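Single-letter residue listing:
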Amino acid sequence: QVELAESGGGLVKPGGSLRLSCTASENMFTSNWNVVGWYRQAPGKQRELVATRTRPGTTLYADSVKGRFTISRNTAENRVYLQMNSLKPEDTAVYFCNARTYAGINYWGPGTQVTVSS
C-alpha cells in the first residue's frame, strides 16, 4: 500500500502565498506512475481537480487557479509541490495529493487544510 503525505497548509491572508508539498512511501516517478496532482474539497462541495502533472511533463490546471498556482516536482526528493500565489478566500479547502499508476490505481493523501482569510 502506497502512502502519500501532504504538508504546508495553514492560514494565510488574501493575496498571500503557500507552498504545499507531497511525498510518498515509494518513488512516484518510476515508469509505474502516470499522473501526480492536487485536488481540493471545500465544505459542502465535491472534490475538484486543482493541478496535475503527467510523467512526461504535461500539466493541467483548473481555470480558477491558472496563472496563480504552479505544480512542480523534485524527483531526487520524491516530492510534488503546489505553489499557490495570490490566494483568495475561495481557495479555502482541504487539499489532497493524488498519484495514479498506469494501471489506473489511485492513491490519496489524508489532506492538508488551507484557509484564506483576513
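As shown above, the structure is provided for reference.
Here the structure is a predicted model, which means the values were calculated and not measured. (Residues numbered from 1 in each chain as written. Predicted model: local features only at pLDDT ≥ 70, side-chain atom pairs only at ≥ 80, totals over all residues. Heavy atoms only, no water.)

The next thing to look at is the environment of S72. Looking at where S72 falls in the secondary structure, it is placed in strand β7 (residues 69-74). Sequence-distant contacts of S72, defined by excluding residues within four places in its chain, comprise R79, V80 and Y81. (Helix = DSSP H or I, 4+ residues; strand = E, 2+ residues; numbered from the N terminus. Contact = heavy atoms within 4.5 Å.)

Burial along strand β11 (residues 112-116) is one-sided: the residues T112, V114 and V116 are buried and none of Q113 and T115 is. Across three bridges, strand β2 (residues 10-12) lies against β11 in parallel orientation. The residue of β11 that forms the bridge with L11 is T115. Relative to β11, strand β9 (residues 93-101) runs antiparallel, the two sharing three bridges. By the bridge assignment, V94 is partnered in β11 with Q113. (Buried < 20%, exposed > 50% of the residue type's maximum accessible area, 1.4 Å probe, protein only. Pairing = 2+ DSSP bridges.)

Moving on, we come to the state of the cysteines. One pass over the full model with this rule turns up one disulfide. The side chain of C22 participates in a disulfide bridge whose partner is C97; the two sulfur atoms lie 2.0 Å from each other. Its S-S torsion of approximately -80° makes the covalent link between C22 and C97 left-handed. One end of the pair, C22, is in strand β3 (residues 18-24); the other, C97, is in strand β9, with 75 residues separating them in the sequence. Note on accessibility: C22 and C97 belong to one class, buried. (Disulfide = S-S within 2.5 Å.)

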